[in-house]
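Listed here are the chains, written in short residue letters.
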Amino acid sequence: MPHTLYALLRTLQLLAALVLLALAVWTGQRAVPALLAGQRAEGQVVALPERQWHSPSPGGSQLRSGRMPQVRFEYQGQTVHFEDSFAARDALGLGDTVQVLVHPWRLDQSVIQRGWRNYFPWAPMAGLGMLLLGSALRGPRRTAPRPA
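Residues numbered from 1 in each chain as written. Predicted model: local features only at pLDDT ≥ 70, side-chain atom pairs only at ≥ 80, totals over all residues. Heavy atoms only, no water.

Turning next to the pairing of strand E5 (residues 78-83). Pairing analysis gives six bridges linking strand E4 (residues 70-75) to E5, with the strands arranged antiparallel. Note on E5: the bridge partner recorded for Val-71 is Phe-82. Two successive antiparallel strands, E4 and E5, enclose a turn made up of two residues, where Gln-76 displays a positive phi of approximately 50°. (Pairing = 2+ DSSP bridges. Helix = DSSP H or I, 4+ residues; strand = E, 2+ residues; numbered from the N terminus.)

Attention shifts here to the packing of helix H1 (residues 3-27) against helix H3 (residues 122-138). Where H1 contacts H3, the axes come no closer than 8 Å and their chain directions differ by 155°. The orientation of H1 with respect to H3, classified from their angle, is roughly antiparallel. Regarding H1 and H3, the two cross each other, and that crossing is left-handed. Where H1 abuts H3, its residues Arg-10, Gln-13, Leu-14, Ala-16, Ala-17, Leu-20, Leu-21, Leu-23, Ala-24 and Thr-27 lie against Trp-122, Met-125, Ala-126, Leu-128, Gly-129, Met-130, Leu-132, Leu-133, Ser-135, Ala-136 and Leu-137. Residue composition of the contact of H1 with H3, by class: 16 nonpolar, four polar and one charged. (Axes fitted to C-alpha atoms, helices over the stretch in contact; angles between N-to-C directions. Parallel < 35°, antiparallel > 145°, perpendicular 65-115°, else oblique. Left-handed = near helix turned anticlockwise from the far one by under 90°. Contact = heavy atoms within 4.5 Å. Nonpolar A, V, L, I, M, F, W, Y, C, P; charged D, E, K, R; others polar.)

To continue, consider the packing of aromatic side chains. This model, assessed by the stated rule, comprises three aromatic pairs. Between Trp-116 and Phe-120, the ring centres sit 5.7 Å apart and the planes meet at 85°, which makes this aromatic pair edge-to-face. Its relative accessible area of 40% is what places Phe-120 among the partly exposed residues. Plain terms: the ring middles of Tyr-119 and Trp-122 are 5.8 Å apart, the flat faces sit at 35° to each other, and that makes the pair tilted. Of the residues examined, Trp-122 reaches a relative accessible area of 14% and is grouped as buried. (Phe/Tyr/Trp six-rings, centres within 6.5 Å; stacked < 30°, edge-to-face > 60°. Buried < 20%, exposed > 50% of the residue type's maximum accessible area, 1.4 Å probe, protein only.)

Before going further, it helps to examine the environment of Leu-101. Residue position: Leu-101 is located in strand E6 (residues 97-101). Taking C-alpha positions, Leu-101 is 5.4 Å from Ala-34, a pair spaced 67 residues apart along the chain. Leu-101 has contacts with Ala-34, Leu-35, Gln-39, Arg-40, Ser-110, Val-111, Gln-113 and Asn-118, leaving out every residue within four places of it along the chain.

Moving on to the side chain of Asp-84. If you trace the backbone, Asp-84 turns up in the loop between E5 and E6. Apart from residues lying up to four places away in sequence, Asp-84 is in contact with Arg-30, Met-68, Pro-69, Ser-110, Val-111, Ile-112 and Arg-114.

Ordered in space as E5-E4-E1-E6-E7, the five strands form an open sheet in which the pairing is antiparallel. The open sheet has two edge strands, E5 and strand E7 (111-112), and neither has a second partner.

Written as structure tokens, this is what we have:
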């Protein structure tokens, strides 16, 4: 392949990596600090208001709805309320006790501990973005000719 095509492909790969990494930062801005801090508290579901949002679908967009758990917990003498960013699809009810991953800087941005689901969607995007970034920065390998 000509050198200019390699340069174009590497540039596109770099742009795709940066977009994926930016999306990972944006979607993980609540979960990542809470996961890294490792601070936990026990909380209680105090409300389950229904929220609606538009979701992309093959024919345009589709209106979806879900119940977003509002949780109250005590942390270092403070009573904190937050609304989790994921709909309660896992049979959460009013008064249920949940484990809370405490956000270290903004307590109202804490999240409910949901195991492996706390890593979606940001972790796969970050992994793919890092893979593309490494590949784009490494570039094509050149091999020396072998002696005959």
